[in-house]
Amino acid sequence: NAGVMQNPRHLVRRRGQEARLRCSPMKGHSHVYWYRQLPEEGLKFMVYLQKENIIDESGMPKERFSAEFPKEGPSILRIQQVVRGDSAAYFCASSPGSPDSPLHFGNGTRLTVT
Amino acid sequence: SQQGEEDPQALSIQEGENATMNCSYKTSINNLQWYRQNSGRGLVHLILIRSNEREKHSGRLRVTLDTSKKSSSLLITASRAADTASYFCATASGTYKYIFGTGTRLKVLA
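Throughout what follows, the structure given in this document is the object of discussion. As a convention, each chain's residues are numbered from 1 in the sequence order in which they are written. Chain A is the first chain written and ligand 1 is the first ligand written, with later ones labelled in order. Only residues with pLDDT of 70 or above have their local features reported here, since the model is predicted, and side-chain atom pairs are shown and tallied only from 80 upward, although totals for entire chains, interfaces and linings are computed over all residues. With hydrogens and water set aside, each side-chain value is computed from the structure's full complement of heavy atoms.

**Section: the packing of aromatic side chains**
Two measures describe an aromatic ring pair: the distance that separates the ring centres and the angle between the ring planes.
Stage number 1. Each Phe, Tyr or Trp ring, with Trp reduced to its six-membered ring, pairs with another whose centre is within 6.5 Å; inter-plane angles below 30 degrees give stacked pairs, above 60 give edge-to-face pairs, and intermediate values give tilted ones. Evaluated as defined, the whole model comprises 9 aromatic pairs over all chains.
Stage number 2. Judged by centre distance (5.9 Å) and plane angle (70 degrees), the rings of A:Tyr33 and B:Tyr98 are edge-to-face. Of this pair, A:Tyr33 sits in strand E4 (residues 31-37) while B:Tyr98 is found in strand E10 (residues 97-100), placing the two residues in two different chains. We note that A:Tyr33, like B:Tyr98, is buried.
Stage number 3. With a centroid separation of 5.7 Å and an interplanar angle of 80 degrees, the aromatic rings of A:Phe105 and B:Phe100 are classed as edge-to-face. By definition, any uninterrupted DSSP run of H or I lasting at least four residues is a helix, any uninterrupted run of E lasting at least two residues is a strand, and each is numbered from the N terminus. Only protein chains enter the calculation, and the probe is 1.4 Å; a residue is then buried if its accessible area is under 20% of its type maximum, exposed if over 50%, and partly exposed in between.

Structure, rendered in structure tokens:
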């Protein structure tokens, strides 16, 4: 049973370009979370989605950032017009959504904006 | 804002010693979970304690929860070099939105 798959592992973008980060949750998991991590820091919550619905996007900047989890296919975190401050590791986690179910994490996408 | 804060931020011990790290949080919770992160990797779930539980064990791990003080501790007994990692607590309330603390970086010296 494959774990949470994130791709790409590393992504380099120039300022002003778009970054698309993909996350395929574990089989049977309908809940997806995105977190951002700066070096030597904790994980900052960005957005929580269920299939075709955004449940909580309180941690996501209002501009340039968007997330989706379509009925078919992976969850996508999209960052438009990237700036140097967007450089970070972005982690996706999934869960079946039942109470007390732990999160299963992917190995992250490391975004570098040059 | 971040829910949890771990303490200490960094901890260095000798192999075989016990490691204790603490987590404080701010609001009421459904459960509290501890995760480990090895350098460059995603987080791995270690143990979950529900809000109505006070203590839980899993192998060399012991977790306590004090809801009156809004704090939890993770004890790793007989530490090994392979335990070197960052450890995070995560709290969930209501809508399964998990908020992570700032982490404790543990280094176990062989």
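Continuing now.
**Re the sheet that holds strand E8 (residues 75-79) of chain A**
Residues and elements named next belong to chain A.
Stage number 1. If DSSP finds at least two bridges between two strands, the strands pair. The antiparallel open sheet is built from 4 strands, whose spatial order is E1-E3-E8-E7. With partners counted over all chains shown, the strands left at the sheet margins are strand E1 (5-7) and strand E7 (65-68), one partner each. Adjacent strand axes in the sheet meet at a mean angle of 15 degrees, parallel and antiparallel pairs treated alike.
Stage number 2. In the sheet, E7 pairs with E8 via 4 bridges, with the strands oriented antiparallel. Its bridge partner lying in E8, Glu68 is registered against Ile76. Axes here mean lines fitted to C-alpha atoms, for a helix over just the part in contact, with angles spanning 0 to 180 degrees between N-to-C directions.

**Some details on the state of the cysteines**
Stage number 1. Note on disulfides: each one is a pair of cysteine sulfur atoms within 2.5 Å. Counting across every chain of the model gives 2 disulfides over all chains.
Stage number 2. Across the disulfide from A:Cys23 sits A:Cys92; the S-S distance is 1.8 Å. In this structure, the disulfide formed by A:Cys23 and A:Cys92 twists by about -55 degrees around the S-S bond and is classed as left-handed. Of this pair, A:Cys23 sits in strand E3 (residues 19-24) while A:Cys92 sits in strand E9 (residues 88-95), and the two are 69 residues apart along the sequence. An identical accessibility class is assigned to A:Cys23 and A:Cys92; each is buried.
Stage number 3. Shown here is the disulfide that connects B:Cys23 with B:Cys89, its sulfur atoms set 2.0 Å apart. Looking down the S-S bond of the B:Cys23 and B:Cys89 bridge, the torsion is 65 degrees, so its handedness is right-handed.

**Considering the sheet that holds strand E1 (residues 5-7) of chain B**
Backbone hydrogen bonds hold the strands of a sheet together, and the pairing may be parallel or antiparallel.
All names here are of chain B.
Stage number 1. The 5 strands are arranged E1-E3-E8-E7-E6 in an open sheet whose pairing can be described as antiparallel. Sheet topology places E1 and strand E6 (55-58) at the edges, where each strand pairs with a single neighbour. Pairwise comparison of adjacent strand axes, ignoring direction, gives a mean angle of 20 degrees for this sheet.
Stage number 2. In terms of strand pairing, E6 meets strand E7 (residues 61-66) through 4 bridges, oriented antiparallel. For His57, the partnering residue across the bridge sits in E7 and is Arg62.

**Remarks on the layout of surface pockets**
Regions of empty space are outlined by a rolling probe, equal in size to a water molecule, passed over the atoms.
Stage number 1. Cavities and pockets were defined on a 1 Å grid built over protein atoms only: a cavity is a set of grid points that admits a 1.4 Å probe from which the probe cannot escape, a pocket is an open set flanked by protein on both sides within 12 Å along at least five of seven lines, and lining residues are those with an atom within 4 Å of any such point. Grid points are joined across faces, edges and corners, and a volume is the space filled by probe spheres set on the points. Roughly 500 Å³ of internal volume is contained in the largest pocket.
Stage number 2. Lining the largest pocket are 24 residues, with A:Gln37, A:Glu40, B:Gln37, B:Ser39 and B:Gly40 sitting closest to its centre.
Stage number 3. Where the lining of the largest pocket is concerned, the elements lending two or more residues are E9 and strand E11 (109-113) of chain A together with strand E9 (85-93) and strand E11 (104-109) of chain B.
Stage number 4. Its residues assigned to classes, the lining of the largest pocket comprises 9 nonpolar, 9 polar and 6 charged.
Stage number 5. Put simply, the second largest pocket is a space of about 210 Å³.
Stage number 6. Contributions of two or more residues to the lining of the second largest pocket are made by E4 and strand E5 (43-50) of chain A.
Stage number 7. Considering every element that reaches the lining of the second largest pocket, the biggest residue donor is E5(A), with 3 residues. Under this grouping Gly is polar, as are all residues other than the nonpolar Ala, Val, Leu, Ile, Met, Phe, Trp, Tyr, Cys and Pro and the charged Asp, Glu, Lys and Arg.

**Quick word on the pattern of salt bridges**
For side chains bearing opposite charge, pairing can occur when the charged atoms are close.
Stage number 1. For this document, the term salt bridge refers to a Lys or Arg side-chain nitrogen within 4 Å of an Asp or Glu carboxyl oxygen. Tallied over the full model, the rule gives 9 salt bridges over all chains.
Stage number 2. Two residues, A:Arg64 and A:Asp86, come together in a salt bridge whose shortest N-O distance is 2.7 Å. Placement of the pair is A:Arg64 in the loop between strand E6 (53-56) and E7 and A:Asp86 in the loop between E8 and E9, with a sequence separation of 22 residues.
Stage number 3. For A:Arg64, a relative accessible area of 24% translates into the label partly exposed.
Stage number 4. In this structure, the salt-bridge partner of B:Lys56 is B:Glu53, at a minimum N-O distance of 3.9 Å.

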